[in-house]
Amino acid sequence: MAAFDLVVIGAGPAGYVGAIRAAQLGMNVALIEREALGGTCLNIGCIPSKALLDATHEYYLAKNKFSSRGIKVGDVSIDLPTLMSFKQKVVRQLTGGVGSLVKKNKITHIKGNARLLSASTVEVTAEGGKQTVEAKRILIATGSKPVELPAAKVDGKHIVDSTGALSFDSIPKKLLVIGAGAIGLELGSVWSRLGSEVTYVEFLQNIAGAADAEIAALLQKSLEKQGMSFRLGAKVTATSIKGGKVTVTYETGGKSESVEVDRVLVSVGRKPAIEGLGLEQIGVKLTARGAIEVREHYQTAVDGVYAVGDCIGGAMLAHKASDEAIACVERMAGVGGHVNYDAIPNIIYTAPELASVGLSEEQAKQKGHEVKVGKFPFTANGRAKSMDEVEGTVKIVADGRTDRVLGVTILHARASELIAEAAIAMEYSASSEDIARSVHAHPTLSEALKEAALAVDGRAIHF
Ligand code: NAI
């Protein structure tokens, strides 16, 4: 077989997107994947979790909000097997869609486990045996996998990672979540809405990692109102399983406490998935944190071998991975692709959703900016009122000297869609004045963004 122009390893949001873009640019591309197309995101990550989050939010609304709007639905109950098959149907449709795109773009899909033999040869092992594939260039996009916690070893039944928590066969009465980051908050919300008593044990003093502290605290309050509880500044030291229950021991404030639960979700971060690729043997270097080290244009230490997405570290987000893949193959083709790391949106799909782009107020100050802050609550937004979704606020952090927007954080039921405006504003280096002067349709939730921009200079109209 003649050498492919590009061999992509891994068909997640980095790999399959990079393969499609490369094909568009005229390259003859092979895409190697050992599992289903779509990677973690489509199969066991972003997509199935959103199917469960959206469905359980509707369940929550039907139970708690419909009657006050005059909608009578009688007894509302949940049919877990149907919910799970709905989730799987969504996954099937989307991964099937990736398969069609791969075909449409005439990409050669090779099923199997890839290992690099050199900068131009990849060995692929599948059930039927081994084959070698020759490549002019290789793009590694093998993603990430959950970080393990020695004190809480995943057994797939009582103690699970995110994959297990997407498919519990019954609703746990008590669920303990280790780590109140994106995965823990999202999957904890799903099971809380379905009736589980959810407790978080989080190492930090705040939830939602590096999110703006003030807004993360508002989210915590909201989740507490929904029945979730948080042990912050706490570290799990041991777990034991007996009679189908898990006893979790954790240390907090110098004291040791224990709690008995039905299931434990370990969601303490993800790490690059690069074992078995043969990277060191061919000279690809790793960072101190175990990610693939890349230099300009996503080249590894070996000429002709590139890497993008979760396996190179940084924010482990599907859209960051896809954009890196596009930029990387565009550079290979001599087109000027780039990724603006200062304007990557980040969303936690809780209710309300926490969406941000750019810097938090704390980060902006740490970077030495003199900051101006504008905030606007959704209680004062007409559309939010008519939707009965008034929880949350928009916070804009702008540079005190230049007025350039440094970061935007939005807490609201629809924050995931609203943040796109802020991301585009930041991509174009907007000032808060630019957002304030842009006409926003009325009545829309986006008016809250305009009002927050006006509030940067103390001139919000409705608050
Ligand atoms: P994370 O890094 O977001 O949060 C992990 C949390 O666990 C942190 O708050 C950390 O302090 C805590 N932690 C670590 N060790 C601990 C310990 N021993 N005891 C108690 N707490 C401990 O990681 P997460 O939630 O597992 O997500 C993994 C990756 O996937 C992240 O990079 C995240 O951005 C990404 N992701 C993104 C989503 C989205 O964009 N909506 C959804 C889900 C995941």
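The structure displayed is predicted, hence computed values, not measured ones.

### With respect to helix H9 (residues 318–332)
In a regular helix each residue adds 1.5 Å, so 15 residues correspond to 21 Å; H9 covers 21 Å between its end C-alpha atoms and thus fits that length. Among the residues making up H9, those that are buried are Lys-320, Ala-321, Ser-322, Glu-324, Ala-325, Ala-327, Cys-328, Val-329, Glu-330 and Met-332. Taken together, the buried residues of H9 touch strand S1 (4–9), helix H1 (15–24), strand S6 (129–140) and strand S17 (305–307). Phi turns positive, to about 80°, at Gly-334, one or two residues after H9.

### Quick word on the domain arrangement of the protein
For the protein, the domain assignment lists domain 1 (2–146 + 271–339), domain 2 (159–267) and domain 3 (344–455). Between domain 1 and domain 3, the contact holds 12 residues from the first and 9 residues from the second. In this assembly, domain 1 packs against domain 3 so that about 780 Å² is buried in total across both faces, 55% of it on carbon and sulfur atoms. Put simply, Asp-388 and Arg-69 hold a salt bridge, and the shortest N to O gap is 3.6 Å. Linking domain 1 with domain 3 are 2 residue pairs in polar contact (both at pLDDT 80 or more). Counting only elements with at least two residues in the side of domain 1 that touches domain 3, the list comes to helix H3 (46–64) and H9. When residues of the side of domain 1 that touches domain 3 are assigned to their parent elements, the largest contribution, 4 residues, is made by H3.

Criteria and cut-off values
What you see as residue numbers is a count from 1 along each chain, following the sequence as written. Local features in this predicted model are restricted to residues of pLDDT 70 or higher, and side-chain atom pairs are both shown and tallied only at a pLDDT of 80 or more, whereas totals for entire chains, interfaces and linings draw on every residue. Working from all heavy atoms in the structure, the side-chain values ignore hydrogens and water. A run of H or I in DSSP becomes a helix once it reaches four residues, and a run of E becomes a strand once it reaches two; helices and strands are each numbered from the N terminus. Each residue after the first adds 1.5 Å to the expected span of a helix. Exposure categories follow from relative accessible area, calculated using a 1.4 Å probe and restricted to protein chains: below 20% of the type maximum is buried, above 50% is exposed, and the middle band is partly exposed. Between two residues, a contact is recorded if the distance between any of their heavy atoms is within 4.5 Å. The domain boundaries here were taken from an automatic or database domain assignment. What gets called buried area is simply the loss in accessible area from a 1.4 Å probe that two parts show on being joined, summed for both. Salt bridges are identified by distance alone: a Lys or Arg side-chain nitrogen within 4 Å of an Asp or Glu carboxyl oxygen. Counted as a polar contact is a pair of N or O atoms within 3.5 Å, where, for protein atoms, one must be capable of donating a hydrogen and the other of accepting one, and residues adjacent in sequence contribute only when both atoms are in side chains.

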